[in-house]
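The primary structure of each chain is shown beneath.
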Amino acid sequence: MAAVLHRTTRSTTAPRTAAPVLGIALAALATVVWSGSFVTSRALHDSVPPVQQAFWRWLVALAAVAPFGARQAWRQRAVIRRHLGFVALASLLGVTVYNTLVNQAGLTTSAANMGMIMAASPVLMAVFERAGGVRLGGRRVAGLLIACAGVLLLIGRGGAHFAAGDLWMIAAACCFGSYSALLRRKPAELGGTAFLFTTFLIGTALLLPAQGVSLAVQGGFTPTAGTVLPLLYIGIASSAVAFFAWNRAIALVGPSRAGVVYYLQPVCVALLSWALLGEATGRPQFLCMGLILGGVVLGARR
């Protein structure tokens, strides 16, 4: 009898222990991949118009997810119709608006600034989750505040110069924080892949009018290795892979804990923009990055 109880306890406890670890790992994966998309958006700012970046990104993402999600979405079409308002709002916030704002910001601000401003999103995620009645806990709040202090010091001591693009990034941060909080209310019967495919489909469709206006006013762009390869990266890695990982992380650990991990983004963006774009990074930035990492480790623990 004792052996049976031991086996039962081990089998029920292991998944509970593994779920937070997997959730944190998936949130970290999405954060690192998204960091590359900020650098890519900045690199494309003078060759591909913002709306066209967003449209082709999601069209590529839709094609990447379709083999896995289209059939599941068709099977769950009744569930999708029943929750169409929720799915449409998630599509608007997470697909249509958010990345278009990021691309617009890339026209007039640095990739490092984009990453630092987006670090405001975890605060919004925590606020939304607390408003929904979820108790955050002292350790998570402490980690959130320490990481937030690191970001503020990074902005202040790093010599960041704010431009019009920073206002677009503030709007993007609010949009992403709202999208992440909304994911907590995703209907349990709606499969993750079906949800991803449907939001990509609706979000891309909502971009069609803006795409038409952009083509008429700004013209198209020249397909070269310097434009097509970055679009493939943000379409497949930063959209299909990262959004699946992030949505799954939210389901496993919630927006506030995943949001603490999201504070790694300014660190990753600063390092990538320094390595790939030649944007300046000095000792103050590295010291603040250490503070951010410490807050992430503290806040992400159980």
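Scroll up to find the structure.
A few points on the structure. (Residues numbered from 1 in each chain as written. Predicted model: local features only at pLDDT ≥ 70, side-chain atom pairs only at ≥ 80, totals over all residues. Heavy atoms only, no water.)

## Here's the deal with the overall build of the protein chain
Secondary structure assignment for the protein chain yields 13 helices and zero strands. The helix and strand sequence of the protein chain, counted from the amino end, reads α-α-α-α-α-α-α-α-α-α-α-α-α. Relative to its 302 residues, the protein chain shows a buried fraction of 50%. For the protein chain, the share of sequence-separated contacts (at least 6 apart) that also reach a separation of at least 24 residues comes to 92%. Summing over all exposed atoms, the protein chain offers an accessible surface of approximately 13,700 Å²; the carbon and sulfur share of this is 69%. (Helix = DSSP H or I, 4+ residues; strand = E, 2+ residues; numbered from the N terminus. Buried < 20%, exposed > 50% of the residue type's maximum accessible area, 1.4 Å probe, protein only. Contact = heavy atoms within 4.5 Å. Areas by Shrake-Rupley, 256 points an atom, 1.4 Å probe, with all protein chains shown as cover.)

## Re the side chain of Thr227
Tracing the backbone through its elements, the reader meets Thr227 in helix α10 (residues 225-253). A polar atom in the side chain of Thr227 sits 2.9 Å from the backbone nitrogen of Thr224. In contact with Thr227, other than residues within four places in its own chain, are Leu44, Ser47, Val48, Phe221 and Thr222. (Polar contact = N/O pair within 3.5 Å; in protein donor to acceptor, adjacent residues only side chain to side chain.)

## Quick notes on the pattern of salt bridges
Within this structure, the stated rule accounts for one salt bridge. For the salt bridge of Arg82 with Glu189, the shortest nitrogen-to-oxygen distance reads 3.8 Å. One end of the pair, Arg82, is in helix α3 (residues 77-82); the other, Glu189, is in the loop between α8 (164-183) and α9 (192-218), and 107 residues separate them in sequence. Given a relative accessible area of 55%, Arg82 falls into the exposed group. Accessibility expressed as a relative area gives 38% for Glu189, which makes it partly exposed. (Salt bridge = Lys/Arg side-chain N within 4 Å of Asp/Glu carboxyl O.)

## Some words on the state of the cysteines
This model, assessed by the stated rule, comprises zero disulfides. Cys174 carries a free sulfur, and the closest cysteine sulfur to it, the one in Cys175, is 8.6 Å from it. Since its relative accessible area comes to 8%, Cys175 is described here as buried. (Disulfide = S-S within 2.5 Å.)

## Quick notes on helix α4 (residues 84-105)
Taking 1.5 Å per residue, 22 residues should reach 32 Å; α4 reaches 30 Å between its end C-alpha atoms and fits that length. The sharpest bend along α4 comes to roughly 35°, located at Leu92. (Expected span 1.5 Å × (residues − 1). Bend = angle between axes of the 7 residues up to and from the residue.)

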